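Okay, here's what each chain looks like letter by letter:
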Amino acid sequence: MGNYYQEDIECASRDQILAWQNERLVKQVQYVYDNVLYYRKRMENKGVEPGDIKSVDDLHKLPFLTKDDLRDAYPYGLLARPLSDCVRIQSTSGTTGRRVVAFYTQHDIDLWDECCARAIMAAGGTKDDVVHVCYGYGLFTGGPGLNGGSHKVGSLTLPMSSGNTDRQIQFMTDLQATILCCTPSYAAYLGEAIHERGVQDKIKLKAGIFGAEAWTEEMRRDIEKSLGIKAYDIYGLTEISGPGVSFECSEQTGMHINEDHFIAEVIDPATGEVLPDGEKGELVFTCITKEAFPLLRYRTRDICVLSRKKCSCGRTHVKMSKPMGRSDDMLIVKGVNVFPSQIETVLINQGFAANYQIIVTRKKNSDNIEVQVELTPVMAADAAFDRELARKKLVSGLKAMLGILADVTLVEPKTIARSEGKAVRVIDKRNLYQN
Ligand code: DLL
């Protein structure tokens, strides 16, 4: 079993990282041009040839790819290898439009596992840990990714997948799991369930690796307290490989991007112009080591900031902030940009948990936003708790945060459906995207 804290790579000098990126990018552009007709045409339309890309400084000359391109080219149009060289596909949940399918050679799987192994080691994992994976297994990348990473580290892996909370808690206690991998919303739910069953003393978890959806610092503190662990963020997307594109270290101030495999840029989503480090914009990735599905300049729609400030963990790879929303799932309500994470911050600051749902409707061209918020069990049981006052305080907190008036409805504990995967936070009934 390897030591997947790869100090020589993860703590390499900036010059070394750039040298790797330059060399790999040049090769990768030629490889994609030779093997992916769809992208070759894109380059030709833009008047770019592989020889024009001599280093990372030339990256901006390449055309972007978007999710629409992946849908257009579905299923094989962006494949760079014959199918007989591929050993796996994974896919996005495809709730809107056509599914996105990504392909992997064995080499791609090995690199992906390595990225996830780095994430587990950054969360303090070793071969002596018991890693409980309750991300979904199957087409979703969460389960297979963390599973592969845990194997690389040499930890005992519990491939639990999602669902059946009683069984999750049983295995967690019986097998003394030390690292939990799941979505943050499921981690919060597991915390509640463990306390309800009064088995918190039997839990031996020390760390959690949570991602696949947005979560706030407030939610991190809640989960850390409820499970008695340190909670680490992990980021990734199916198109680029899956979880492990970036991950948090002990400093917990952003996620190191595996820069030996992926070049990150931040662009202005409106103009496509590359922004300097420190500016907020849309994250774009270029894969420089992948074989089967090597996307170049893929627009993630995730809004974030890059930082190259020295990190106390010693890693030198650039850090991305937590995504601050998606340029495409951002709600525009009454003309105002609304991110679910802003609403969550207000709720948690006022003592509520992250159990809420946002319902957006439109009547006579006027938008209405309603936030249904669950009372905590303590609030619900307290006869002296003034619900109307609490509701009004939420309305004014949301007004201050969002700049618009939102209706707030307080509902009883456990009335909002819990999710085993990504939480469904927004129900947009306006059908704004219908043709
Ligand atoms: O969610 C991969 C993953 C699995 C990441 C497990 C982390 C852990 P997709 O289903 O393709 O892949 O969704 C990708 O989810 O573009 C982000 O918008 C969002 N996302 C992923 N990680 C985070 C995170 C997986 N840590 C999309 N914070 C991405 C916020 C995240 N959003």
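Fair warning: this is a prediction, and the values are worked out from it, not measured in the lab. The numbers attached to residues start from 1 for each chain and follow its sequence in the written order. In keeping with the predicted nature of the model, local features appear solely for residues at pLDDT of at least 70, side-chain atom pairs appear and are counted solely at 80 or more, and the whole-chain, interface and lining totals rest on all residues. Hydrogens are left out, water is left out, and the side-chain values use all remaining heavy atoms of the structure.

Trainee: So what's going on with the pairing of strand β11 (residues 281-287)? Residues and values would help.
Mentor: Buried residues dominate β11, accounting for 7 of its 7 residues. For two strands to be treated as a pair, DSSP must find at least two bridges joining them. Put simply, DSSP marks the helices as runs of H or I at least four residues long and the strands as runs of E at least two long, and each gets a number from the N terminus on. Examined bridge by bridge, strand β10 (residues 262-267) and β11 share 6 bridges and lie antiparallel to one another. Among the inter-strand pairings, Glu265 is bridged to a residue of β11, identified as Val284. Sheet topology places β11 next to strand β12 (residues 298-304); 4 bridges connect them, and they run antiparallel. For Val284, the partnering residue across the bridge sits in β12 and is Arg299. Think of it in three bands: residues with accessible area under 20% of the maximum for their type are buried, residues over 50% are exposed, and the middle band is partly exposed, with areas taken using a 1.4 Å probe on protein chains only.

Trainee: I'd like a rundown of the nonpolar core, residues and numbers included.
Mentor: The nonpolar side chains of a soluble globular protein tend to be buried with one another. Nonpolar cores were defined as sets of buried Ala, Val, Leu, Ile, Met, Phe, Trp, Tyr and Cys residues, with membership established by side-chain atoms within 4.5 Å. Ranked by internal contacts, the top residues of the largest apolar core, which has 53 residues, are Leu62, Leu283 and Phe285. With 5 residues, helix α2 (residues 14-35) is the single largest residue contributor to this core. Working rule for contacts: check all heavy atoms of both residues, and any pair within 4.5 Å makes them a contact. Excluding anything up to four places from it in sequence, Leu283 contacts Tyr235, Ala264, Glu265, Val266, Tyr298, Arg299, Thr300, Arg301, Asp302, Cys304, Leu306 and Met320. Judged by nonpolar contacts, the second largest core, of 50 residues, contains Ile169, Ala193, Leu331 and Ile369.

Trainee: Just give me the short version of the sheet that holds β12, but keep the residues and values in it.
Mentor: Spatial ordering of the open sheet is given by β10-β11-β12, a layout of 3 strands whose pairing is antiparallel. Every interior strand has two partners, whereas the edge strands, β10 and β12, have only one. Shown here is a sheet whose adjacent strand axes are inclined to one another by a mean of 30°, direction ignored. Fitted lines through C-alpha atoms serve as axes, helices being fitted only where they are in contact, and the angles separating the N-to-C directions of these axes extend from 0 to 180 degrees.

Trainee: Account for helix α10 (residues 340-349), with residues named and values stated.
Mentor: One full turn of an α-helix is made of 3.6 residues, so residues set three or four places apart face in the same direction. Burial analysis of α10 places 7 of its 10 residues in the buried class, which makes it a mostly covered element. Here α10 has its buried residues at Pro340, Ile343, Glu344, Thr345, Val346, Leu347 and Ile348. Close packing links the buried residues of α10 with α9 (217-227), β16 (336-338), β17 (356-363), β18 (366-374), α12 (387-402) and β20 (426-428). Among the residues trailing α10, Gly351 stands out with phi positive, at a value near 90°.

Trainee: I'd love a proper account of the side chain of Thr216, names of residues and values included.
Mentor: Positionally, Thr216 belongs in the loop between β6 (207-211) and α9. Separated by 2.9 Å, the side chains of Thr216 and Glu344 make a polar contact. Each residue touching Thr216, except ones within four places of it in the same chain, is listed here: Lys322, Ser341, Glu344, Thr345 and Ile348. Polar contacts, as used here, are pairs of N or O atoms within 3.5 Å; protein pairs need one atom able to donate a hydrogen and one able to accept it. Residues neighboring in sequence count only if both atoms are side-chain atoms.

Trainee: Any details on helix α8 (residues 184-196)? Residues and values, ideally.
Mentor: The end-to-end C-alpha distance of α8, which contains 13 residues, comes to 18 Å, matching closely the 18 Å that a straight helix rising 1.5 Å per residue would cover. Every buried residue belonging to α8 is among Pro184, Ser185, Tyr186, Ala187, Leu190, Gly191, Ala193 and Ile194, and all of these are buried. Here the buried face of α8 lies against α7 (165-174), β5 (179-182), β6 and α9. One or two steps after α8, the chain reaches Gly198, where phi turns positive at roughly 65°. Here a helix's expected span is defined as the number of its residues, less one, multiplied by 1.5 Å.

Trainee: Quick rundown of the sheet that holds β17? Include the residues and the values.
Mentor: Here we have 4 strands laid out as an open sheet, ordered β19-β18-β17-β20, and mixed in their pairing. Both edges of this open sheet fall to β19 (407-411) and β20, since each of them pairs with a single strand only. Sheet twist, expressed as the mean angle between neighbouring strand axes with direction ignored, is 20°. With respect to the sheet, α10 is in contact with β17, β18 and β20, its orientation differing from that of β17 by roughly 125°. In this fold α12 packs onto β18 and β19, with an angle of close to 140° to the strand it touches most, β19.

Trainee: Pulling in residues and values, what's your account of the state of the cysteines?
Mentor: A pair of cysteine sulfur atoms is labelled a disulfide when the two atoms are within 2.5 Å. For the structure on display, the rule yields 0 disulfides. Summary of cysteine pairing: Cys181 is not part of a disulfide, and the nearest cysteine sulfur, belonging to Cys182, is at 7.7 Å. Residue Cys181 is classed as buried on the basis of its relative accessible area of 0%. No disulfide involves Cys249; its sulfur sits 3.6 Å from the nearest other cysteine sulfur, which is in Cys311.

Trainee: Can you lay out the site of the ligand for me, pointing to particular residues and giving the numbers?
Mentor: Proximity is defined per residue: any heavy atom of the residue falling within 4 Å of a molecule or strand makes that residue near it. Taken together, 21 residues lie near the ligand, and Asp233, Ile234, Thr238, Asp302 and Arg326 sit nearest. A distance of 2.8 Å is found between a nitrogen atom of the ligand and a side-chain nitrogen or oxygen belonging to Asp233. Between the ligand and Thr238 there is a distance of 2.6 Å, counted from an oxygen atom to a side-chain nitrogen or oxygen. Exposure was quantified through the Shrake-Rupley algorithm and a 1.4 Å probe, taking into account, for residues, occlusion by the shown protein chains and nothing else. Here the ligand, which alone exposes 610 Å², has 93% of that area covered by the protein. With 5 residues, the top contributor of residues to the shell around the ligand is strand β7 (residues 230-237).

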